[in-house]
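Observations on the three-dimensional arrangement
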Amino acid sequence: MKKKTLILLATVLFCGSIQAQEVPVPNAKEFLPGPPAATSVQYIKDYLEYEWGKTERNTELGAQAKADFLANTTNYLDAFSKVVGIELSAGNTPNIYTLFDYCMTYGEKAQEKAQASYYYIRPYYRFNQPSLIPAYESQYKNISSYPSSQAMMGWLFALILTEVCPNKQDEVLARGYAYGTSSVISGYHWDSDSYAGCLLASALVSRLHSHTGFNAMITSAITEYEKKSGVKNSKRSSVADAYFTIDELPDAYKYLPEPPSISSSVFTTDFSAHIDGISARSTDDGNIAKQDVDDSAEYYCKIFSEVLGKVFSESTSPQLYKLFKTIYPSAGDATLTCKRYYQRLRPFVQLNETTATGGTPDSDPLKDNGSYPSGHACAGWLYALVMSEIAPDYQEALLARAFKYGNGRVITGYHWQSDVDMGRLVGAAAYARMHTNQDFMEQLEKAQKEFNGGSGIRAPKADDSSADIYNLEGVRLNGRPTRPGIYIQGNKKVVY
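Reference entry: report on the structure contained in this document.

Cut-offs and rules
Residues numbered from 1 in each chain as written. Predicted model: local features only at pLDDT ≥ 70, side-chain atom pairs only at ≥ 80, totals over all residues. Heavy atoms only, no water. Helix = DSSP H or I, 4+ residues; strand = E, 2+ residues; numbered from the N terminus. Buried < 20%, exposed > 50% of the residue type's maximum accessible area, 1.4 Å probe, protein only. Contact = heavy atoms within 4.5 Å. Areas by Shrake-Rupley, 256 points an atom, 1.4 Å probe, with all protein chains shown as cover. Salt bridge = Lys/Arg side-chain N within 4 Å of Asp/Glu carboxyl O. Core = buried A, V, L, I, M, F, W, Y, C linked by side-chain atoms within 4.5 Å. Phe/Tyr/Trp six-rings, centres within 6.5 Å; stacked < 30°, edge-to-face > 60°. Lys NZ or Arg CZ within 6 Å of the ring centre and 35° of its normal. Axes fitted to C-alpha atoms, helices over the stretch in contact; angles between N-to-C directions. Left-handed = near helix turned anticlockwise from the far one by under 90°. Nonpolar A, V, L, I, M, F, W, Y, C, P; charged D, E, K, R; others polar. Parallel < 35°, antiparallel > 145°, perpendicular 65-115°, else oblique.

Side note on the overall build of the protein
Counting secondary structure elements, the protein contains 21 helices and three strands. In the protein, which comprises 496 residues, the proportion classed as buried is 54%. Across the protein, every contact between residues at least 6 apart in sequence was considered, and the portion connecting residues at least 24 apart equals 79%. Roughly 20,800 Å² of accessible area belongs to the protein as shown, and the carbon and sulfur atoms make up 53% of that amount.

Written out as structure tokens, the structure is:
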């Protein structure tokens, strides 16, 4: 008993020293689309999912939704204990408990920051209908539902446990995703709230990883899990020139929901987004989407160079290039099992159309490749999370570019919106798994040192002071920037 008390005391002290770093949380407003307008098709999907959720309240899923409602560290530990097969608690796994408690603190901060930017009326309150848990209705009715705190914390802990116990990665990811489903069934959140919560969770994991103290906590949790479970997870890949084989990566088929069938009412959202995408092909976004069909490591270096104002390439940043090049196989492999199982037809094949780049159902190389989930969206989000860990001050801009990169697949006609949405979650899962590979961690450190060794971004010069200032989207500002970041002034990229 005395030994356990000393362990807990040391853990608390350690946690306190890490929290003192005050990690800045991601600003969701800068990279998430925000809640859908009440006149949008996405809102119709939200409504349909809300109606579905009400039908599940007297089922096992409803019982699970009740159990998932209270968002505190102990409840999350209990839920994931059933998945990983060992008791996760302050007494039995103090390091994992500390890690969860620490993540809970910053998860709440990220949630509060996001809710301060949006107000989306909760489903039960909008329709003046009872929720699954009436006792809390008055408490939450005036608090924005976007993004879902349950979904965010569930997915956050799932990503963390993918690093701590990768032998249980598919199970913990499935359990983490289920928190979002529970929040819809309870009537406290919309489907779009849940999805936004998952994306915010992945951004938060990347931001936390940019601090050495957090990485030390992960290492302690891994050691503790291996001791308690008797499982020794490999730190190296069994293949050359890649960090993982397909079998070593999380299996998206095992943790993602199935794609909406063409006969389902929810499919109307996919179809509507496809029609909107066709209309956007003649716009600037359409031109960018056509360029974004490139999914090579070289192209990712190019688009992130544009975001950060610094040239990344094999010659200018060899360590970062090597990191991206070695990640590249896994970025596609992470979606393969799911693609092969569902073999969902791509929009241009399903509707016998031509893509924005001229592909046809007869000639395009991707005509027989499954559409769900999107490999491009997966890779874009994965690379942005990695790059955000290297350059955390630019995280929001990097993720915003990756979000647009994924949506380009809808514009070009290669993917349905649900393919893209789920592809980003696969990218987040792959990102978490990357951190279990020692070669990745070593190369990441080299890329970070390379990035911090010099910068092509300059401060504005005096002779540019009277020039107009534009954001990276080409929109002229009225005066000086109100937010720090990279802008165009005097025909050059500058930082404010």
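The rest of the description comes next.
What to know about the pattern of salt bridges
For the structure on display, the rule yields 17 salt bridges. With a shortest N-O distance of 2.8 Å, glutamate 306 and lysine 302 are connected by a salt bridge. Of this pair, glutamate 306 and lysine 302 both sit in helix 15 (residues 297–308), four residues apart, which is roughly one turn of the helix. Residue classification places lysine 302 among the partly exposed positions, given a relative accessible area of 38%. Aspartate 421 is paired through a salt bridge with arginine 424; the nearest N and O atoms lie 3.5 Å apart. Of this pair, aspartate 421 and arginine 424 both sit in helix 20 (residues 417–434), three residues apart, which is roughly one turn of that helix. As far as burial versus exposure is concerned, aspartate 421 and arginine 424 are alike and both buried. Sharing partners across several salt bridges, the network here consists of Glu226, Lys232 and Lys235.

Points about the nonpolar core
With 113 residues, the main nonpolar core has Trp155, Leu323, Phe324, Val386 and Met387 as its most contacted residues. When residues no more than four places from it in sequence are discounted, the contact partners of tryptophan 155 are Leu173, Gly176, Tyr177, Cys198, Ala201, Tyr255, Leu425 and Ala428. Counting seven residues, the second largest nonpolar core, distinct from the first, contains Phe69, Tyr124, Leu132 and Ile133.

Some points on the environment of leucine 249
With respect to the helices, strands and loops of the structure, leucine 249 is situated in the loop between helix 11 (212–229) and helix 12 (252–255). By relative accessible area, which is 2% here, leucine 249 ends up buried. Taking the C-alpha atoms as reference, leucine 249 lies 7.8 Å from aspartate 333; in sequence the two are 84 residues apart. Not counting residues up to four positions away in its chain, the partners in contact with leucine 249 are Gln169, Phe244, Ser330, Asp333 and Ala334.

Some points on the side chain of aspartate 270
Mapped onto the elements, aspartate 270 comes out in helix 13 (residues 267–279). Here aspartate 270 falls in the buried class, since its relative accessible area comes to 3%. Excluding residues that lie within four positions of it along the chain, aspartate 270 makes contacts with Pro260, Arg344, Trp416, Gln417 and Ser418.

Let's talk about the packing of aromatic side chains
Per the stated rule, a full pass over the model turns up 34 aromatic pairs. On the basis of an interplanar angle of 45 degrees and a centroid distance of 6.3 Å, the ring pair of tryptophan 155 and tyrosine 255 is categorised as tilted. Taken together, the positions of tryptophan 155 in helix 8 (residues 149–164) and tyrosine 255 in helix 12 put the pair 100 residues apart, joining distant regions of the chain. A ring pair is formed by tyrosine 341 and tyrosine 342, whose centres lie 5.0 Å apart and whose planes are at 90 degrees; its orientation type is edge-to-face. Through successive ring pairs, a cluster of aromatic residues spans Tyr43, Tyr47, Tyr50, Tyr120, Phe127 and Trp190. Lying across the ring of phenylalanine 451, lysine 310 places its NZ or CZ 4.7 Å from the centre.

Re the environment of tyrosine 47
Inspection of the secondary structure puts tyrosine 47 in helix 2 (residues 41–55). For the pair tyrosine 47 and tryptophan 190, spaced 143 residues apart in sequence, the C-alpha to C-alpha distance is 7.6 Å. Apart from the residues lying within four places of it in its own chain, the contact partners of tyrosine 47 are Phe127 and Trp190.

Describing the packing of helix 5 (residues 94–115) against helix 11
Contact pair helix 5 / helix 11: the axes reach a minimum separation of 8 Å and the direction vectors enclose 145 degrees. The handedness of the crossing between helix 5 and helix 11 is left-handed. Of helix 11, the residues touching helix 5 (which contributes Pro94, Asn95, Ile96, Thr98, Leu99, Tyr102 and Cys103) are Phe214, Met217, Ile218, Ser220, Ala221, Glu224 and Tyr225. Classifying every residue of the contact of helix 5 with helix 11 gives ten nonpolar, three polar and one charged.

Some words on the packing of helix 2 against helix 13
Pairs of packed helices are described in terms of their axes, by the angle between the two and the distance that separates them. At their nearest, the axes of helix 2 and helix 13 sit 9 Å apart, and the two run at 170 degrees to each other. By the angle class used here, helix 2 and helix 13 are roughly antiparallel. Contacts from Val41, Gln42 and Lys45 of helix 2 reach helix 13 at Thr268, Thr269 and Ser272. Grouping the amino acids of the contact of helix 2 with helix 13 by side-chain chemistry returns one nonpolar, four polar and one charged.

None of the figures reported here should be taken as evidence of function without further support.
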